[in-house]
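Chain by chain, the residues:
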Amino acid sequence: MENRTKKETDWVNYRQLKKGEIIEKDDEVLCERKDGWKTTNESCVGTLVPDPQYTAHRIYRRRIVG
């Protein structure tokens, strides 16, 4: 995992969204500030996830249900 994604525990019960997935209301985005993970901005809901392999792009995660 990229060092931008903080620590491994950030991924317990979550999965990283892949390029082209649709962003949902409860998805989280990694903020560049020291705030860490935040619920995605409502204006991003319904848009496509950018390619997370580029450092300029945001990284999204979704809680694993079940």
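Structure report, in brief. This structure is a prediction, so every number in the text was calculated from the model and none was measured.

Examining the pattern of salt bridges
Note on pairing: side chains with opposite charge can pair once their charged atoms come close. Per the counting criterion, the structure on display carries 5 salt bridges. Between R62 and D27 there is a salt bridge whose closest N-O contact spans 2.7 Å. Separated by 35 residues along the polypeptide, R62 in strand β4 (residues 60–63) and D27 in the loop between β1 (14–16) and β2 (28–30) bring together distant segments of the chain. Accessibility expressed as a relative area gives 1% for D27, which makes it buried. A salt bridge links R61 to E28, with the shortest nitrogen-to-oxygen separation between them at 2.6 Å. Of this pair, R61 sits in strand β4 while E28 sits in strand β2, placing them 33 residues apart in sequence. Accessibility expressed as a relative area gives 7% for R61, which makes it buried. Exposure remark for E28: the relative accessible area of 15% places this residue in the buried category.

Re the packing of aromatic side chains
As enumerated under the stated definition, the model contains 1 aromatic pair in all. A ring pair is formed by W11 and W37, whose centres lie 5.5 Å apart and whose planes are at 80°; its orientation type is edge-to-face. Remark: W37 occurs in strand β3 (residues 37–39) and W11 occurs in the segment before β1; sequence separation between them is 26 residues. A relative accessible area of 14% places W37 in the buried class. Above the plane of the ring of Y14 lies R61, whose end atom (NZ or CZ) is 3.7 Å from the centre.

Parameters at a glance
As a convention, each chain's residues are numbered from 1 in the sequence order in which they are written. Under the rules for a predicted model, residues below a pLDDT of 70 receive no local features and side-chain atom pairs below 80 are neither given nor counted, while totals for whole chains, interfaces and linings still include all residues. Derived side-chain values reflect all non-hydrogen atoms in the structure, with water molecules and hydrogen atoms excluded from consideration. When a carboxyl oxygen of Asp or Glu is within 4 Å of a side-chain nitrogen of Lys or Arg, the pair counts as a salt bridge. In this description a helix means any DSSP run of H or I spanning at least four residues, a strand means any run of E spanning at least two, and both kinds are numbered starting from the N terminus. Exposure classes here rest on a 1.4 Å probe applied to the protein chains alone. A residue is buried below 20% of its type maximum, exposed above 50%, and partly exposed in between. Any pair of Phe, Tyr and Trp rings, taking the six-membered ring for Trp, is counted once the centres come within 6.5 Å. Such a pair is stacked with planes under 30 degrees apart, edge-to-face with planes over 60 apart, and tilted for the rest. Criterion for a charge above a ring: Lys NZ or Arg CZ within 6 Å of the ring centre, and within 35 degrees of the ring normal.

By themselves, these figures tell us nothing about what the structure is for.
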